[in-house]
Amino acid sequence: MEIPSKYSPNETEDRIYAMWLEKKVFKSLPNDKPAYTIVIPPPNVTGVLHMGHMLNNTIQDLLIRRARMRGFNACWVPGTDHASIATEAKVVQKLRKEGIKKSDLSRDAFMEHAWEWTHKHGGIILDQLKKLGASCDWDRTRFTMDPKYYESVIDCFIDLHKKGKIYRGERMINWDPAALTALSDEEVIHKEIQSKLYFLKYQIEGTTEFLTVATTRPETILGDTAVCVNPKDERYTHLHGKKVIVPLVNRAVPVIADEYVEIEFGTGCLKVTPAHDQNDFMLGEKYQLEVINMMNADGTISEAGGMYVGQERFAVRDQIAKDLDAAGLLAKTEEHLNKVGYSERTDVVIEPRLSLQWFVDMKDLSKPALENVMNDTIRFFPPKFKNSYRNWMENIKDWCISRQLWWGHRIPAFYAPDGSFEVAKNIEDAVAQFQAKGASWSAADLKQDDDVLDTWFSSWLWPISVFDGFYSKEELDYYYPTADLVTAPEIMFFWVARMIVAGYEYVGNFPFKNVYYTGIVRDKQGRKMSKSLGNSPDPIELMQQFGADGVRVGMLLSSPAGNDLPFDESLCEQGRNFANKIWNAFRLVKSWEEKIDASLEQPESSAIAVKWMNNRFEQVLAEMEDGYDKFRISEVLMQTYKLIWDDFCAWYLEMAKPSYGKGIDSKTYNDTLDIFQNLLKVLHPFMPFLTEEMWQHMDSWKNESEMICISNWPAAKTFDANIQKEFEEFEQLVTEVRNVRKKQNLPNKEALVVSFMKTANRNSSFDAAFKHLCNITELNEVSEKMSPSFSFMVNGVEYFIPYTASVDVEAEQAKMKEELSYLEGFLKSVEAKLSNERFVQNAPAAVLEGERKKQSDALSKIAAIKEQLG
RNA sequence: GGGAGUUUAGCUCAGCUGGUUCAGAGCAUCUGCCUUACAAGCAGAGGGUCACUGGUUCGAACCCAGUAAUUCCCA
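Remember, predicted model here, so these are calculated numbers, not experimental data.

Quick word on the overall build of chain A
Here is step 1 of the chain: Of regular secondary structure, chain A possesses 27 helices and 29 strands.
Here is step 2 of the chain: Here chain A has a C-alpha radius of gyration of 37 Å; the compact-globule value for 870 residues is 29 Å, and the former is much larger.
Here is step 3 of the chain: When its C-alpha atoms are laid out on the principal axes, chain A stretches across 115 × 65 × 50 Å.
Here is step 4 of the chain: Counting every position in chain A, which comprises 870 residues, the buried fraction comes to 53%.
Here is step 5 of the chain: Sequence-distant contacts, at least 24 apart, represent 77% of the contacts inside chain A between residues at least 6 apart.
Here is step 6 of the chain: For chain A, the exposed surface amounts to about 39300 Å²; the carbon and sulfur share of it is 49%.
Here is step 7 of the chain: Once the 103 positive and 128 negative side-chain charges of chain A are each reduced to a mean point, those two points are 2 Å apart.

In structure tokens, the structure reads:
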């Protein structure tokens, strides 16, 4: 069979993936084996694959594939998130393009559109993950709005409400005036904005004096109900208890004194607008101030504002500044840098708004979640994230979970006409609950809460609900807690922390053992990849260009946990080249199949090569296992890369390769296949398609296991560090000979004679391989130095290769002199150290010995060069 | 304003308990090769004031203090 010299992933990958699916190798059901479970961070149901997903899912696939090969019952649960606000925004946008306004639709009609959209776009991302090679158990695909999942979210709400952990209250929340919904603190992005500080003049009642107040939001004077100064501020002591007139509005409001006010900021006077600022609200409660809600939900001025009614908030800001100025009530304006909150989804400025919302009381719920991360019951990689986790958890605030949206889990609260309500699973239960309390409302009287729950209020149950854990313990007991969670640090608070909270509350145990935080994928200029910048490559195109394996390697080559990944297509190219390298190694070994000569004994050079390569494999395997334990994924990949490219291809295969036209002995051939097989196994998690394709081409491998993805991970064996030391000596020797060949322009075809100075310490293990690799006919021991000849020292032994006619003797001598002066300098520094009494007294024996060896090596090299120079 | 990081070769990063793993890797670069697996390759080579300033130590990329640059999180 002819195998092409270039590996073409496009022809291979779909075929291999189809085989895996057909053989159901990713399927997991509880059995006798230990479980190894990962739940996917569910992408938005209508999302498309971006580079962040690629990184994230490559890592998950790598972990799950390795676990599968190590004999675990590996279960990777895929699924999607309904992404309440994000999806609803997309649907609203789509309807708008069709000329339909959301406000013109009934809730049911809107939901129909939303489901239609979900069915049309949902699941695309999961198909894209298949291209990547993701070995999910697709039969388990979950969606956060699946009927059973939906039910678990509602039951969770009801349960927490019963426990008194969920309450309804009027609070200052973050209001998105574009999406017309409340947002959690985590959905607000603070940006530093150059804005203006307006200095407004408030007349002191009954005088002609004015008090100047600085504000960034002059339009909110419409809602002013007090002015506050610091009690320690002597400038204003005389005003305590007085009243001032709000400019333009002409309302008299009290001057109150509270430590909250910063004396240094602005004029030291603060206007208090309890309905439109978090801190003002607090002051309002403390001093029982009137609350004037002067803004509508959409950010326009309300009737209560009394002026500018119906106008947009920022237009009013400009207008009111002009009007104040015209009235002589604007003292001045200053440029001012301040932080303004923006909606994560709609990017409009958030309004603090007073409204009735549902909250989860997080104080007690969060305690076990904090404790068990701090004591490493749940481990974070990298651990530095424990700090910010603790910071957040120690200052945790109640979680606003209601959203004024339709797409999501509708809050199970039913209101009676008198305003009382019951939290219940359905309207019948609600009626019964009312009746139990003596209120005889019928179903027709009741109205369910219009709002839905925050998306994260469903995804925080993900590791439980994907196993139907609220209704059956069977799968939960087997798969939970899961092994690893792979996610972005950005959603540590949104999601990771809350899953831990829910885990302890509902299962009494952590949801995952390890959390691996990936970095953010950035472009070459260090910018975050985003749609608006257009700097994100299309993952599907990348995979077409470099193969899924190439892209996987590219993603993992430089992504230590928690570090950002500066992405560059050339990394994928490196991955593709690596695939091709292995492919060609395979072609070589495959070609030996027909060259096996049973009459041949295994040559000594091959025997040592096999011995070394096996030993080397064990050594690197041990390093790799250690790397995996520490989640140092890119290091493990690099170790694998070098093991295959350098050790196996560049050294082993060259040593084991028969001379041109010669056959190969069957022992070397079989040994090579065994080595190759192990290499493919440890490579498989990184490059699943390539390794599976090669596996399928080799019958003897298929005898062990039908597919590499379900073969057995190599068991670690002991290794001998000495063999590696001897090899490194041999490596140096080969390099020296190659250099001599190069200097003399001697091709490898021309055989050489090499001599070495007689010594007791020389190790000859690799001599056969040395002769084979460097085409050396004779390796002679001599007792006198040869001249004229090239000479070099390897581990204290001096080697000689006679000059040929073409050598530039003077240039050679100049080089030797240079080397000599370097060595003499080096020797000096070593001797200086050794003559330092305090060093000799304090340094440990091993270090001292090392220095003495440096000294003696340098001395002998110097002697050799001097002799050579004559 | 509070907190957490980062700074080592042109680029991306290792460097774990202060000392032979100590200045390293991959990529890129340069030189020579289409050598019978692979030019998506092979062989060889060059490249660093470990951000800066001080300190501790026989000894510092590593520990301490300060400075600068930079990233992120929280308010």
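Quick word on the packing of helix α18 (residues 604–629) against helix α19 (residues 633–656)
Here is step 1 of the chain: Where α18 contacts α19, the axes come no closer than 10 Å and their chain directions differ by 180 degrees. Comparing their axes, α19 and α18 come out roughly antiparallel.
Here is step 2 of the chain: Along the lines of polarity and charge, the residues of the contact of α18 with α19 split into 16 nonpolar, five polar and three charged.

Some thoughts on helix α16 (residues 539–556)
Here is step 1 of the chain: Here α16 is 18 residues long, yet its end C-alpha atoms lie only 14 Å apart, well below the 26 Å a rise of 1.5 Å per residue gives.
Here is step 2 of the chain: Largest kink in α16: about 105 degrees, centred on Phe546.
Here is step 3 of the chain: The buried count for α16 comes to 15 of 18 residues, which makes it a mostly enclosed element.
Here is step 4 of the chain: At the N-terminal boundary of α16, the capping side chain belongs to Asp538, with an oxygen 3.1 Å from the backbone nitrogen of Ile540.

With respect to the packing of aromatic side chains
Aromatic rings considered in pairs are described by the distance between their centres and by the relative angle of their planes.
Here is step 1 of the chain: Under the counting rule described, the total for this entry stands at 49 aromatic pairs.
Here is step 2 of the chain: For the pair Tyr415 and Phe421, a centre-to-centre distance of 5.5 Å together with 50 degrees between the ring planes defines the contact as tilted.
Here is step 3 of the chain: When its relative accessible area of 16% is taken as the criterion, Tyr415 is described as buried.
Here is step 4 of the chain: Relative accessible area serves as the criterion here: at 27%, Phe421 is assigned to the partly exposed category.

Re the pattern of salt bridges
Proximity of charged atoms lets side chains of opposite charge pair with each other.
Here is step 1 of the chain: Here the structure, examined in full by the defined rule, presents 42 salt bridges.
Here is step 2 of the chain: Asp767 is paired through a salt bridge with Arg762; the nearest N and O atoms lie 2.9 Å apart. No difference in accessibility class separates Asp767 from Arg762, as the two residues are buried.
Here is step 3 of the chain: Through salt bridges with shared partners, a single ionic network connects Arg217, Glu219, Arg313, Arg317 and Glu351.

Regarding the protein's contact with RNA strand B
Here is step 1 of the chain: Taken together, 45 residues lie around RNA strand B, and Lys339, Gln574, Lys581, Arg587 and Tyr660 are the ones closest in.
Here is step 2 of the chain: What you see for RNA strand B is that sugar and phosphate hold 58% of its atoms within 4 Å of the protein.
Here is step 3 of the chain: In this structure, Trp645 approaches RNA strand B through a side-chain N or O atom, which is 2.7 Å from a phosphate oxygen.
Here is step 4 of the chain: Here a base nitrogen of RNA strand B sits 3.4 Å away from a polar atom, N or O, in the main chain of Cys649.
Here is step 5 of the chain: Mapped onto the surface near RNA strand B, the elements with two or more residues apiece are α10 (385–394), α17 (569–592), α19, α23 (721–744), α26 (837–842) and α27 (845–869).
Here is step 6 of the chain: No other element matches the nine residues that α17 contributes to the surface near RNA strand B.
Here is step 7 of the chain: When grouped by side-chain class, the residues that make up the surface near RNA strand B number 16 nonpolar, twelve polar and 17 charged.

Let's talk about the pairing of strand β5 (residues 166–176)
The side chains of a regular strand alternate, first on one face of the sheet and then on the other.
Here is step 1 of the chain: Relative to strand β14 (residues 351–360), β5 runs antiparallel, the two sharing ten bridges. Counted as the bridge partner of Tyr167 is Phe359 from β14.
Here is step 2 of the chain: In this sheet, strand β6 (residues 181–183) lies alongside β5 in antiparallel orientation, the contact comprising three bridges. Bridge pairing links Asp176 to Thr181 in β6.
Here is step 3 of the chain: Joining the antiparallel neighbours β5 and β6 is a turn of four residues, in which Leu180 adopts a positive phi near 60 degrees.

Here's the deal with the sheet that holds strand β15 (residues 379–381)
Here is step 1 of the chain: Here we have three strands laid out as an open sheet, ordered β15-β23-β22, and parallel in their pairing. The sheet terminates laterally at β15 and β22 (482–487), the two strands that pair on one side only. On average, each strand axis in the sheet is tilted by 20 degrees relative to the strand beside it, whichever way the strands run.
Here is step 2 of the chain: Pairing of β15 with strand β23 (residues 512–517) involves three bridges; the strand directions are parallel.

Observations regarding unusual backbone geometry
Here is step 1 of the chain: The peptide bond linking Phe381 to Pro382 adopts the cis configuration, its omega dihedral lying at -5 degrees.
Here is step 2 of the chain: Following the sequence through the fold, Pro382 ends up in the loop between β15 and α10.
Here is step 3 of the chain: Here the bond from Tyr480 into Pro481 is cis, since omega is -5 degrees, no more than 30 degrees from zero.
Here is step 4 of the chain: Tracing the chain through its elements places Pro481 in the loop between α14 (474–479) and β22.
Here is step 5 of the chain: The backbone phi angle of Asn775 is positive, close to 50 degrees, even though this residue is not glycine.
Here is step 6 of the chain: A relative accessible area of 24% places Asn775 in the partly exposed class.

Observations regarding the sheet that holds β5
Here is step 1 of the chain: What the four strands build is an open sheet, ordered β6-β5-β14-β16; its pairing is antiparallel. Because the sheet does not close on itself, it has two edges, and the strands there are β6 and β16 (399–400).

Notes on α19
An α-helical segment advances 3.6 residues per turn. Residues three or four places apart therefore align on the same side.
Here is step 1 of the chain: Taking the largest bend as the criterion, α19 deviates by roughly 40 degrees, centred on Phe648.
Here is step 2 of the chain: The buried fraction of α19 is high, at 17 of 24 residues.

Some remarks on the state of the cysteines
Here is step 1 of the chain: In this structure the tally under the stated criterion is zero disulfides.
Here is step 2 of the chain: Of all cysteine sulfurs, the one in Cys269 lies closest to Cys228, which takes part in no disulfide; the gap is 9.1 Å.

So, how was this worked out
- Residues numbered from 1 in each chain as written.
- Chains lettered and ligands numbered in written order.
- Predicted model: local features only at pLDDT ≥ 70, side-chain atom pairs only at ≥ 80, totals over all residues.
- Heavy atoms only, no water.
- Helix = DSSP H or I, 4+ residues; strand = E, 2+ residues; numbered from the N terminus.
- Rg over C-alpha atoms; globule rule 2.2 N^0.38 Å.
- Buried < 20%, exposed > 50% of the residue type's maximum accessible area, 1.4 Å probe, protein only.
- Contact = heavy atoms within 4.5 Å.
- Areas by Shrake-Rupley, 256 points an atom, 1.4 Å probe, with all protein chains shown as cover.
- Lys, Arg positive; Asp, Glu negative; His and termini not counted.
- Charge placed at Lys NZ, Arg CZ, Asp CG, Glu CD.
- Axes fitted to C-alpha atoms, helices over the stretch in contact; angles between N-to-C directions.
- Parallel < 35°, antiparallel > 145°, perpendicular 65-115°, else oblique.
- Nonpolar A, V, L, I, M, F, W, Y, C, P; charged D, E, K, R; others polar.
- Expected span 1.5 Å × (residues − 1).
- Bend = angle between axes of the 7 residues up to and from the residue.
- Polar contact = N/O pair within 3.5 Å; in protein donor to acceptor, adjacent residues only side chain to side chain.
- Phe/Tyr/Trp six-rings, centres within 6.5 Å; stacked < 30°, edge-to-face > 60°.
- Salt bridge = Lys/Arg side-chain N within 4 Å of Asp/Glu carboxyl O.
- Near = heavy atom within 4 Å.
- Pairing = 2+ DSSP bridges.
- Disulfide = S-S within 2.5 Å.

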